[in-house]
Amino acid sequence: MAKDNLLGGSLWDAYSNKVTTLMNNPQHQGEITEEEAAAHGNKLIVADFGAESCGDAVRLYWEINPETDVIENAKFKSFGCGTAIASSDVMTELCMGKTVDEAVKITNIDVEKALRDDPDTPAVPPQKMHCSVMAYDVIKKAAGLYKGVDAESFEEDIIVCECARVSLSTLQEVIRLNDLKTIEEITDYTKAGGFCKSCIKPGGHEEREYYLVDILADTRRQMDEEKLAAAADAGALGDFEHMTLVQQIKAIDAVIDESVRQFLVMDGGNMEVIDIKSSDDNIDVYIRYLGACNGCASSTTGTLYAIESTLKEKLSQKIRVLPI
Amino acid sequence: MQVYMDNNATTMTDPKVVEAMLPFYSERYGNPNSLHKFGTSVHLPLSKAIDQVYTGINAAESDDIVFTSCATEANNWVLQSVWIDKVLNSDKNHMVTTEVEHPSILATCKFLEEQGMKVTYLPVNEQGIVEAHTVRSFITDKTALVSIMWANNETGMIFPIQEIGEICKDKGVLFHTDAVQAVGKIPVDMQAVHVDFLSMSAHKFHGPKGVGALYIKDSQQLTPLFHGGEQMGGRRSGTLNVPGIVGMGKALELATQNIEATMALIRSKRDRLEDALLELLDDVMVVGDRNNRTPNTILISVRGVEGEGMLWDLNNALIGASTGSACASEDLEANTVMLAIGADSELAHTGIRLSLSRFTTDEEVDYVIEAFTAAVKRLRAISSSYAKVGPTPGGEAQACDLLYLHDKCD
Ligand SMILES: Cc1ncc(COP(=O)(O)O)c(C=O)c1O
């Protein structure tokens, strides 16, 4: 929030003139019938995307030359707001004259760019970006129908944010490399989630398969696990100073079990580790003697020295053992 | 011609109201809390405005009507302070409201839920209202408050406030009503109903923006939301908005003076508009029985025409309408009321609200009929819903899971 956001802003004023003109007077709105397509020796493909219950629906008609795969004519019908109609119109225009394979390469970004008056100014405000996404999806659907394949087979990567076309793998990579911790940071780095916001968390404009909140949480969890695993590996390699407290206690117990405890038990005693306090110079291991050791003369001299030197040798030179 | 058909969002300030307010800007600008003449000289006009508001809703002398900055404040005040008084400092933990309240109620409920309040959101029936017996069945001995609007902003449907009030009285539960869309539009008589708290807003009845009020029955306990000076008897601190309060008094007086006659006038225009649209257009539906609606409101669903697209065409014809509420048009969401009344999901995005006022003329109604039907014709010609050639087998789309989002803002 800042000065610019104090007023909601006027949605329609942010539209390019092209959007306004095409909404008021779409150029390619209409239908193509089987008979018309047949008369030209062409194949008719009609694909729907979206639904009235979602707030946007588009039907795309392609008349395709079966010899060349060229889309010789195209029309659309649309249930939607101004930007949905204008995007459908421009998308239909972009398809014409292209082969089906070329057409599938048209993305929502191309559609939005084609609606700009000026190359550097977005044609629609952020929350309307998703309207051009539908225009892009319906192309895939039509192409899939024509080629007899699934529309998703044209998608190489899992797109999490359709508006900005950001893929799952990109998001995971950016979160890791830049150690991102918040959704705002993700949006700043990738633009994902900056437009219609559906992909941020469930409950937005449309339901999504992947949400940024989950991707962030999962990636961070993985990063934490990796860090722990790395620390554990380091511990196994003897880097005692960089272990977590729990790992240190385990490591000390292991050494004591291996080299010390048996001698104490022989004399009817034992010991336990109470606490570990690390400072820059020392790692102080607080222990308590049990049984016969408790109060025995050598517990503050010889035995103590033996325990300390074993730990020093096996774990870290910084260790000091302090009986309490 | 330019026609304003969005009077449930806000209204034109009546020029008579502006006239009454003007002296209190640059001439009589004293602070009523001051001891000097500048301050004390505004006491008389303020008392007059207070009288006008008490008369406008027939409040008793023993009741309080506390001026606020808006109805949003009044709504927040009641909910947040009942939370403090009855939940934090007593043994209740629950409140009852409806799914179709204004965000100033729903968002506050969500906030209180985060603090630990239990909230029951009652669904509305196909008429867009909740029935009194439904309210009764959800009140428990842990219920602190029932908050149910008097009339809905999107549909204009009037809720059974009298019966709900009786139930709350019976059960010993506090009852608040957001009467923003009722006050000034239909008779509101505080001595004929049992209501503990009532919110209202001047800009919905041709008064100024930025002034509202909370009615508090019998001056009962309600912890203040704003702490500070001793204004409004300590109930709501902040230097009084003198011109605003004067304007609110005048506006309510003008709106309620001959309310039956004014209602009849608005209703006749509204009904003519509604009848014409229903007759001229196929596949349209108006929500709710018109006899139980505020007399100025029509929520009409036009099959195959998306609401915002329709607003666009109406705007091109210089007609201001709404898809159910002012900020919904920013947020692109389905109309909650449409969903709540159980309309076909295809209709969820097709609601257009036309709301008239006592300033709406017959010529304006004629013009809207013409422009509205022309817009529907044009958009249906583009609409996929009315296309004749069907999709290639396998090319059909699936319907959506509709999302219920409570963010309607006027
Ligand atoms: C039912 C209802 N409640 C509350 C409000 C909020 O009123 P205000 O604008 O005074 O905060 C509105 C209108 O905006 C409304 O329609």
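Each chain has its residues counted from 1, running along the sequence as written. Chains carry letters and ligands carry numbers; both start at the beginning, A for chains and 1 for ligands, and go up in the order they are written. Side-chain atom pairs in this predicted model are given and counted only at pLDDT of 80 or more, local residue features only at pLDDT of at least 70, and totals for whole chains, interfaces and linings cover all residues. Side-chain numbers come from the whole structure's heavy atoms, not from hydrogens or water.

J.: An account of the overall build of chain A is requested, with residue identities and associated values reported.
T.: To qualify as a helix, a DSSP run of H or I must reach at least 4 residues; to qualify as a strand, a run of E must reach at least 2; elements of each kind are numbered from the N terminus. Scanning chain A from terminus to terminus reveals 12 helices and 8 strands. Note on method: radius of gyration uses C-alpha positions; expected globular size equals 2.2 Å times residues raised to 0.38. What you see for chain A is a C-alpha radius of gyration of 34 Å, clearly larger than the 20 Å of a compact globule of 324 residues, by over 25%. In terms of overall dimensions, chain A has a C-alpha envelope of 110 × 50 × 30 Å along the principal axes. Using a 1.4 Å probe on the protein chains alone, a residue whose accessible area is under 20% of its type maximum counts as buried, one over 50% counts as exposed, and one in between counts as partly exposed. Counting every position in chain A, which comprises 324 residues, the buried fraction comes to 48%. A separation threshold of at least 6 residues defines the contact pool for chain A, and within that pool the share at least 24 residues apart is 58%. Here the Shrake-Rupley method, with its probe set to 1.4 Å, supplies the accessible areas, and only the displayed protein chains count as covering residues. In the form shown here, chain A has an accessible surface area of approximately 16,100 Å², with 51% of it arising from carbon and sulfur atoms. Charge convention: Lys and Arg are scored as positive, Asp and Glu as negative, and His as well as the terminal groups of each chain are ignored. Charged side chains are reduced to one point each, which is NZ for Lys, CZ for Arg, CG for Asp and CD for Glu. Of note, chain A has its 32 positive side-chain charges centred 4 Å away from the centre of its 56 negative side-chain charges. Here a residue-residue contact requires only that any non-hydrogen atoms of the pair lie within 4.5 Å.

J.: Hey, could you go over the packing of aromatic side chains for me, with residue numbers and the actual values?
T.: Each aromatic pair joins two rings of Phe, Tyr and Trp (for Trp, the six-membered one) with centres within 6.5 Å, and gets the label stacked for planes under 30 degrees apart, edge-to-face for over 60, and tilted for any other angle. For the structure on display, the rule yields 3 aromatic pairs over all chains. Relative to Trp312(B), the ring of Trp12(A) has its centre 5.3 Å away and its plane inclined at 65°; by these criteria the two rings are edge-to-face. One end of the pair, Trp12(A), is in the segment before helix H1 (17-24); the other, Trp312(B), is in helix H11 (residues 307-316), on a second chain. Here Tyr15(A) and Trp312(B) contribute two aromatic rings whose centre-to-centre distance is 5.6 Å and whose plane-to-plane angle is 20°, an arrangement assigned as stacked. Taken together, the positions of Tyr15(A) in the segment before H1 and Trp312(B) in helix H11 put the pair across two chains. Among the aromatic residues, ring-to-ring pairing joins Trp12(A), Tyr15(A) and Trp312(B) into one connected group.

J.: Summarise the interface of chain A and chain B; cite the residues concerned and give the values.
T.: With 47 residues of chain A in contact, the opposing surface of chain B contributes 43 residues. Here's the idea: put two parts together, see how much 1.4 Å probe accessible area each one loses, and the total over both is what we call buried area. Between chain A and chain B, the buried area comes to about 3,500 Å², and carbon and sulfur atoms account for 58% of it. When the buried surface of chain A facing chain B is broken down by residue, Trp12(A), Ser53(A) and Phe79(A) rank first, second and third, together holding 20% of it. Take a side-chain nitrogen of Lys or Arg and a carboxyl oxygen of Asp or Glu: if they are within 4 Å of each other, that pair is a salt bridge. The interface formed by chain A and chain B contains 1 salt bridge. Residue Glu308(B) is joined to Lys128(A) by a salt bridge in which the shortest nitrogen-to-oxygen separation is 2.5 Å. Nitrogen and oxygen atoms within 3.5 Å of one another constitute a polar contact, given that in protein one can donate a hydrogen and the other can accept it, and given that sequence-neighbouring residues count only through two side-chain atoms. Here chain A and chain B share 20 residue pairs in polar contact (both at pLDDT 80 or more) between them. Elements represented by at least two residues in the side of chain A that touches chain B include exactly H1, strand E1 (43-51), strand E2 (56-64), strand E3 (71-79) and helix H6 (130-147) of chain A. Sort the elements by how many residues they give to the side of chain A that touches chain B and E1(A) lands first, with 8 residues. In this classification, the charged set is Asp, Glu, Lys and Arg, the nonpolar set is Ala, Val, Leu, Ile, Met, Phe, Trp, Tyr, Cys and Pro, and all remaining amino acids, among them Gly, are polar. Residues of the side of chain A that touches chain B, tallied by class, amount to 21 nonpolar, 17 polar and 9 charged.

J.: Report on the domain arrangement of chain B, specifying residues and quantitative values.
T.: All names here are of chain B. All domain edges in this entry derive from an automatic or database-based domain assignment. By the assigned domains, chain B splits into domain 1 (15-256) and domain 2 (260-385 + 399-409). Placing the centre of domain 1 and that of domain 2 at their C-alpha centroids yields a distance of 28 Å. On the domain 2 side, the residues contacting the 26 residues of domain 1 number 26 residues. Contact with domain 2 buries area across many residues of domain 1, yet Glu154, Thr155 and His206 alone supply 28% of it, more than any other trio. Counting the contacts that link domain 1 with domain 2 gives 0 salt bridges. The interface formed by domain 1 and domain 2 includes 4 residue pairs in polar contact (both at pLDDT 80 or more).

J.: Residue-level account of the sheet that holds strand E8 (residues 319-323) of chain A, with values.
T.: Residues and elements named next belong to chain A. Spatially, 3 strands are ordered E6-E7-E8 in an open sheet, and the strand pairing comes out mixed. If you trace the sheet from one side to the other, it starts and ends with strand E6 (269-278) and E8, each paired once. With direction set aside, neighbouring strand axes in the sheet form an average angle of 30°. Only strands that DSSP links by at least two bridges are regarded as paired with each other. Examined bridge by bridge, E6 and strand E7 (residues 283-291) share 9 bridges and lie antiparallel to one another. Its bridge partner lying in E7, Gly269 is registered against Gly291. Lying over the sheet, helix H10 (residues 245-259) contacts E6 and E7, oriented at roughly 150° with respect to E6. Running over the sheet, helix H12 (residues 302-314) touches E6, E7 and E8 and is turned about 150° from E8. Only C-alpha atoms enter the line fits that serve as axes; for helices the fit covers just the stretch in contact. Angles between N-to-C directions range over 0 to 180 degrees.

J.: Tell me about a nonpolar patch on the surface, and please be specific about residues and values.
T.: All names here are of chain B. On the surface, a nonpolar cluster with roughly 280 Å² of combined accessible area is contributed by Val18, Leu22 and Tyr25. By the secondary structure assignment, Tyr25 is in helix H2 (residues 23-26). The class for Tyr25 is partly exposed, based on a relative accessible area of 46%. Candidates for patches are residues over 30% relative accessible area with no salt bridge; among them, like charges are joined within 9 Å and nonpolar side chains (Val, Leu, Ile, Met, Phe, Trp, Tyr) within 5 Å.

J.: If you had to explain the side chain of Glu112(A) to someone new, which residues and values would you point to?
T.: Locating Glu112(A) in the fold gives a position in helix H5 (residues 108-114). If near-sequence neighbours (up to four positions away) are discounted, Glu112(A) is found in contact with Pro122(A), Ala123(A), Val124(A), Met129(A) and Ser132(A).

J.: Could you give an account of the confidence of the model for chain A, with specific residues and numbers?
T.: For every residue, the pLDDT score states the predictor's confidence, bounded by 0 at the bottom and 100 at the top. Chain-level pLDDT for chain A is 87 on average; 97% of the residues reach the 70-or-more range. Taken element by element, chain A is modelled with least confidence in helix H11 (residues 261-266) of chain A, mean pLDDT 83, and with most confidence in E3(A), mean pLDDT 97.

J.: Which residues make up H10(A), and what values do they have?
T.: An α-helical turn contains 3.6 residues, so any two residues separated by three or four positions project in the same direction. Given the number of residues in a helix, its expected span is that number minus one, multiplied by 1.5 Å. Here H10(A) is 15 residues long and its end C-alpha atoms lie 21 Å apart, about the 21 Å a rise of 1.5 Å per residue gives. Restricting attention to buried positions, one finds in H10(A) the residues Gln247(A), Gln248(A), Ala251(A), Ile252(A), Val255(A), Ile256(A) and Ser259(A).

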